[in-house]
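# Notes for the structure review
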Amino acid sequence: MKASTNDTQTTWRRYRVAAAFLAAVIVYALVGSLLLPWLADRIAVDKVRESLGAELRIGNIDFNPFTFAVLIENIEFDHPSGDRFAIIEAVQANFEPTAMFGGALRLAEARITRPEIFLQRDAQGVINATTIRPLQPTEEPTGEGPEWQVGIDSLQVESMSVRLIDSTVNPAAHLGLDDFSISAQQVSTAPDSAFPVDVSMRLITGGTISAQGEITLLPQPDIELAVKLDDVSPELAHGHLQSLADVTFDSGSIHFSGQVSTNPDELFALEGDASLDDLLLTETEGGARLGSW
């Protein structure tokens with residue numbers, strides 16, 4: 001009888017341990033998937049408003065506390081002036097939490113989908129992006145803390161678009177990029193760590209630009225890229241040319257294939273072959289032929 005009682009007590013203890021473990025898992029899942037996203041949204045929105053005087057809106061945040069995967073959707077950021085500045089359809093990231101014990105932030109994957117940026121250059125040449133500053137000066141660190149290294153195994157930026165309204169000319173020039181995509185592997189802020197990058201984009205005025213090569217971020221930027229321009233329209237400079245002369249680019253295409261590099265020893269270097277084909281300039285009003293190439 002005594003042995004049976006002990007067995008019963010042991011069984012109940014096991015049930016209590018299992019129930020406590022299950023309850024802990026449920027609480028952890030609820031906190032991670034419901035409470036943390038809500039807190040992150042509130043903290044991010046309040047921090048942007050307090051530090052920059054700007055507005056941030058986030059449509060949805062999903063966090064999987066078991067796989068450490070994050071999905072942030074429908075991000076909207078307004079310039080402190082109130083104008084629209086940036087929209088991002090989605091940001092996805094898969095964290096590797098064990099890396100934090102070694103003083104590093106590592107992501108197995110980071111993906112940014114359909115970001116849109118709206119730039120404006122006023123008549124004085126000031127771009128709105130440069131006027132986004134902290135409302136209060138940041139305090140200098142009093143001591144040297146541990147330097148965290150950031151690593152991303154796979155970084156993808158998909159279908160990015162950039163729009164620029166340049167009011168330094170009259171009428172204002174409208175420039176921009178579409179289908180701007182970036183693919184990079186083994187991105188790292190570790191000193192002397194080079195990683196491969198592949199970039200492609202389409203100009204709204206016509207033509208494409210692509211680049212492949214390697215980039216090193218620290219201790220100083222070091223960039224080596226093979227760059228190719230195909231069928232780029234000289235209309236890209238039309239707004240600025242029109243402010244000087246009443247002319248229009250009726251046709252023309254720019255081609256380039258070569259190397260671009262920048263490093264501590266050389267601020268900027270460009271080497272390659274360029275051509276300008278089928279250029280035709282005419283008067284804007286009368287359409288008279290002014291020159292061709």
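Use the structure listed above.
Presented here is an overview of the structure given in this document. Since this is a predicted model, take the numbers as computed values, not measurements.

## Some thoughts on the overall build of the protein chain
Each helix and strand in the protein chain was counted, giving two helices and twelve strands. In summary, the protein chain has a C-alpha radius of gyration of 27 Å against a globular reference of 19 Å for 293 residues, an excess of more than 25%. Overall, the protein chain is about 115 × 40 × 40 Å in size when its C-alpha atoms are taken along their principal axes. A buried classification covers 29% of the 293 residues belonging to the protein chain. In the protein chain, once contacts between residues fewer than 6 apart in sequence are set aside, the share between residues at least 24 apart is 49%. With 18 positive and 42 negative side-chain charges, the protein chain shows a separation of 16 Å between the mean positions of the two kinds.

## Considering the nonpolar core
Residues F180 and V227 are the most contacted members of the largest nonpolar core, which totals 25 residues. Among the secondary structure elements, those contributing two or more residues to this core are strand 4 (104-121), strand 5 (149-166), strand 6 (173-188), strand 7 (194-203), strand 8 (208-216), strand 9 (222-232) and strand 10 (247-263). Grouped together as the second largest cluster of nonpolar side chains are nine residues, V48, A54, L56 and I61 included.

## Some thoughts on unusual backbone geometry
In this structure, the amide linkage connecting N170 to the following residue, P171, adopts the cis form with an omega of 0 degrees. Summarising the element assignment, P171 is placed in the loop between strand 5 and strand 6. Between L218 and P219 the backbone carries a cis peptide bond, its omega angle lying at 5 degrees. Here P219 shows up in the loop between strand 8 and strand 9. Of note, the phi angle at D179 is positive, near 50 degrees, even though the residue is not glycine. Assignment of secondary structure puts D179 in strand 6. One non-glycine residue, D278, lies in the positive phi region at around 55 degrees.

## Focus: the pairing of strand 2 (residues 69-78)
Two strands pair when backbone bridges link them, and strand 1 (residues 55-64) and strand 2 are joined in this way by nine bridges, in the antiparallel orientation. Paired with E55 across the strands is D78, a residue of strand 2. The hairpin turn running from strand 1 into strand 2, its antiparallel successor, is four residues long, and F68 in that turn takes a positive phi close to 60 degrees. As paired strands, strand 2 and strand 3 (residues 84-95) are joined by nine bridges and run antiparallel to one another. Bridge assignment links F77 to a residue of strand 3, and that residue is A86. Two successive antiparallel strands, strand 2 and strand 3, enclose a turn made up of five residues, where G82 displays a positive phi of approximately 105 degrees.

## Regarding the side chain of S188
Position of S188 relative to the elements: it lies in strand 6. Contact partners of S188, with chain neighbours within four places excluded, come to V150, G151, S193, F195 and L217.

## So, the pairing of strand 3
The sheet contact formed by strand 3 and strand 4 spans nine bridges and is antiparallel. Counted as the bridge partner of A86 is I117 from strand 4.

## Brief notes about the sheet that holds strand 1
Reading across from one edge, 1-2-3-4-5-6-7-8-9-10-11-12 is the order of the twelve strands in this open sheet, with mixed pairing throughout. A single partner strand is all that each edge strand has here, and the edge strands are strand 1 and strand 12 (289-292). Neighbour-to-neighbour, the strand axes of the sheet open up by a mean angle of 15 degrees, direction not taken into account. Bridging between strand 11 (residues 266-283) and strand 12 involves three bridges; their strand directions are antiparallel. Each bridged residue has a counterpart across the sheet, and for L281 the counterpart in strand 12 is G291.

Parameters at a glance
- Residues numbered from 1 in each chain as written.
- Predicted model: local features only at pLDDT ≥ 70, side-chain atom pairs only at ≥ 80, totals over all residues.
- Heavy atoms only, no water.
- Helix = DSSP H or I, 4+ residues; strand = E, 2+ residues; numbered from the N terminus.
- Rg over C-alpha atoms; globule rule 2.2 N^0.38 Å.
- Buried < 20%, exposed > 50% of the residue type's maximum accessible area, 1.4 Å probe, protein only.
- Contact = heavy atoms within 4.5 Å.
- Lys, Arg positive; Asp, Glu negative; His and termini not counted.
- Charge placed at Lys NZ, Arg CZ, Asp CG, Glu CD.
- Core = buried A, V, L, I, M, F, W, Y, C linked by side-chain atoms within 4.5 Å.
- Pairing = 2+ DSSP bridges.
- Axes fitted to C-alpha atoms, helices over the stretch in contact; angles between N-to-C directions.

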